Amino acid sequence: MRTPSAVITPRAGRGRLADLAERGPAMERQRVSRARMARRVTRRVRWVTTRAVPIGIALAVLGAGGLGALWALTSPRFTVTEVAVTGASRLRPEEVVAASGIGPGTNLFRLDRGTVVARLEALPLIRRAEMVRRFPNQVTLAVEERRPFTLAHAGRLHWIDEQGVNLGAETRAVAPKAPVITGLAPADLSADRGPSARVATGISLLRVLLRSETTLLQQISEIDVSRPDGPVLYTVDGIEVRLGADDWEARLGRLQGVLAQVRSGGEAVGTIDLRFRDQVVLKTVTR
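Each chain carries its own residue numbering, running from 1 in the direction its sequence is written. Residues qualify for local features only when their pLDDT is at least 70, as the model is predicted, and side-chain atom pairs are given and counted only at 80 or more; totals for whole chains, interfaces and linings, by contrast, use all residues. With hydrogens and water excluded, all non-hydrogen atoms of the structure serve as input to the side-chain values.

Undergrad: Lay out the overall build of the protein with the relevant residues and their values.
TA: Under the DSSP-based scheme used, a helix requires at least four consecutive residues in state H or I and a strand at least two consecutive residues in state E, with every element numbered from the N terminus. Summing up its helical and strand segments, the protein has seven helices and twelve strands in all. Looking at the protein as a whole, 30% of its 287 residues are labelled buried. Residues are treated as being in contact if the distance between any of their heavy atoms lies within 4.5 Å. Taking the intrachain contacts of the protein between residues at least 6 apart in sequence as the baseline, contacts between residues at least 24 apart amount to 47%. Computed with a 1.4 Å probe, the accessible areas rest on the Shrake-Rupley method; for each residue, only the protein chains presented here act as cover. Split by element, the accessible area of the protein, about 19300 Å² in all, is 55% carbon and sulfur. Partly exposed describes any residue whose relative accessible area lies between the buried limit of under 20% and the exposed limit of over 50%, with all areas from a 1.4 Å probe on protein chains only and scaled to the type maximum.

Pasting the structure below:
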């Protein structure tokens, strides 16, 4: 007589297997109800929506902005039709416009302010420049020109400003209101390297003369900066004044008194040497 086998085999019957495990609290909580599942799905949809909608709006705004920028950069409405120039007196307005690089058909939004200003300030006669856009199709170029300060002789006469920048040659006969700086070579006024130390010396001494507020400035016709021991002045009467390399204000004060004595004495003096601290050396000439 056969007894029932406890081993399940492929040929055994398909009976229902008994659930032999005990259902504890942990297993009971593993059941997910339909209501809970619906809540989970709702939360996920809400999370995606709260992030997807702003992203979509941002992409739409960026797309619209891109189309707007493309329209502004290509629309004939913003093509520059007028370029005004202010502050120019020695330069002609057309020269300023040509130097700026703003040509026909230029779009107002494509203009680079820094590039335009750099081009204008590269001109020797322009000290400062500014570019102002005036919508929809106008540009104003405001320039401040360099002002002539005095004449400098470097092979020929040139006007220079207070920084020693060469403003161009003077071909006409002029009566300068300030002493001419001499003893220079063309390289001293080179635009590539800028004013040399000798030019700076002459300008510094001329400023001291201007600050003195005396009649001495009208008595000096030339400042020679070619000598290594300091600048030499020449008076309108042809007297050579060796000033030395420092303490110019004190020595110029002494010079004014010496010149007054020379004129009152009636003696012909060729050279006045002020390089010594407590001594003035005069060299007379025979007439």
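Undergrad: Before we move on, could you go through the sheet that holds strand E1 (residues 82-86) and cite the residues and values that matter?
TA: Within a sheet, neighbouring strands are paired by backbone hydrogen bonds and run either parallel or antiparallel to one another. In this description, strands pair whenever DSSP reports at least two bridges between them. The strand order across the open sheet built from three strands is E1-E3-E2, with neighbouring strands paired in mixed fashion. Taken across any chain shown, the strands that pair with only one partner, and hence form the sheet edges, are E1 and strand E2 (126-134). Strand-to-strand twist of the sheet, defined as the mean angle between neighbouring strand axes without regard to direction, takes the value 20°. Sheet strands touched by helix H4 (residues 113-121): E2 and strand E3 (138-145). Its angle to E2, the strand with the most contacts, is close to 150°. Helix axes use the C-alpha atoms of the stretch in contact, all axes being lines fitted to C-alpha atoms, and the angles between their N-to-C directions lie in the range 0 to 180 degrees.

Undergrad: Tell me about the side chain of Thr 140, and name the residues and values.
TA: Locating Thr 140 in the fold gives a position in strand E3. The exposure class assigned to Thr 140 is buried, which follows from its relative accessible area of 12%. There is a polar contact of 2.9 Å between the side chain of Thr 140 and the side chain of Arg 134. When residues no more than four places from it in sequence are discounted, the contact partners of Thr 140 are Ala 84, Thr 86, Glu 130, Met 131, Val 132 and Arg 134. Polar contact criterion, stated in full: a pair of N or O atoms within 3.5 Å, where within protein one must be able to donate a hydrogen and the other to accept it, and residues adjacent in sequence count only if both atoms are side-chain atoms.

Undergrad: Lay out the packing of aromatic side chains with the relevant residues and their values.
TA: The aromatic pairing rule takes the rings of Phe, Tyr and Trp, using the six-membered ring of Trp, and pairs them if the centres are within 6.5 Å, calling planes under 30 degrees apart stacked, those over 60 edge-to-face and the rest tilted. Scanning all chains against the criterion turns up two aromatic pairs. Their ring planes at 75° and their centres at 5.0 Å tell us that Phe 78 and Phe 109 sit as a pair that is edge-to-face. One end of the pair, Phe 78, is in the loop between helix H2 (34-74) and E1; the other, Phe 109, is in the loop between helix H3 (93-100) and H4, with 31 residues separating them in the sequence. For Phe 78, a relative accessible area of 9% gives the class buried.

Undergrad: Talk me through the nonpolar core; I want residue IDs and the actual numbers.
TA: By size, the foremost hydrophobic cluster in this structure holds 32 residues, and its most contacted members are Leu 233, Leu 252, Leu 255 and Ile 272. Elements supplying a minimum of two residues to this core: helix H5 (197-212), helix H6 (216-219), strand E8 (220-224), helix H7 (248-265) and strand E11 (269-273). Excluding its chain neighbours within four sequence positions, the residues that come into contact with Leu 252 are Leu 205, Val 208, Leu 209, Leu 216, Leu 233 and Leu 243. Joining through side-chain atoms within 4.5 Å is the link that ties buried Ala, Val, Leu, Ile, Met, Phe, Trp, Tyr and Cys residues into a set, and such a set is a nonpolar core. In this structure, Val 80, Leu 108, Ala 129 and Val 143 belong to the second largest nonpolar core, which totals 20 residues.

Undergrad: Residues and numbers for the packing of H5 against H7, please.
TA: In the contact formed by H5 and H7, the axes pass within 10 Å of each other and the chain directions differ by 55°. Here H5 lies oblique to H7, going by the angle between them. In the crossing of H5 with H7, the sense of the turn from one axis to the other is right-handed. Between H5, through Thr 201, Ser 204, Leu 205, Val 208, Leu 209 and Arg 211, and H7, the contact on the second element is made entirely by Trp 248, Glu 249 and Leu 252. Looking at the contact of H5 with H7 residue by residue, the classes come out as five nonpolar, two polar and two charged. For classification purposes, angles smaller than 35 degrees are called roughly parallel, those larger than 145 roughly antiparallel, those between 65 and 115 roughly perpendicular, and all remaining angles oblique. Note: crossing handedness is left-handed where the near helix turns anticlockwise from the far helix by less than a right angle, and right-handed where it turns clockwise. For this classification, the nonpolar set comprises Ala, Val, Leu, Ile, Met, Phe, Trp, Tyr, Cys and Pro, the charged set comprises Asp, Glu, Lys and Arg, and every other residue, Gly included, is treated as polar.

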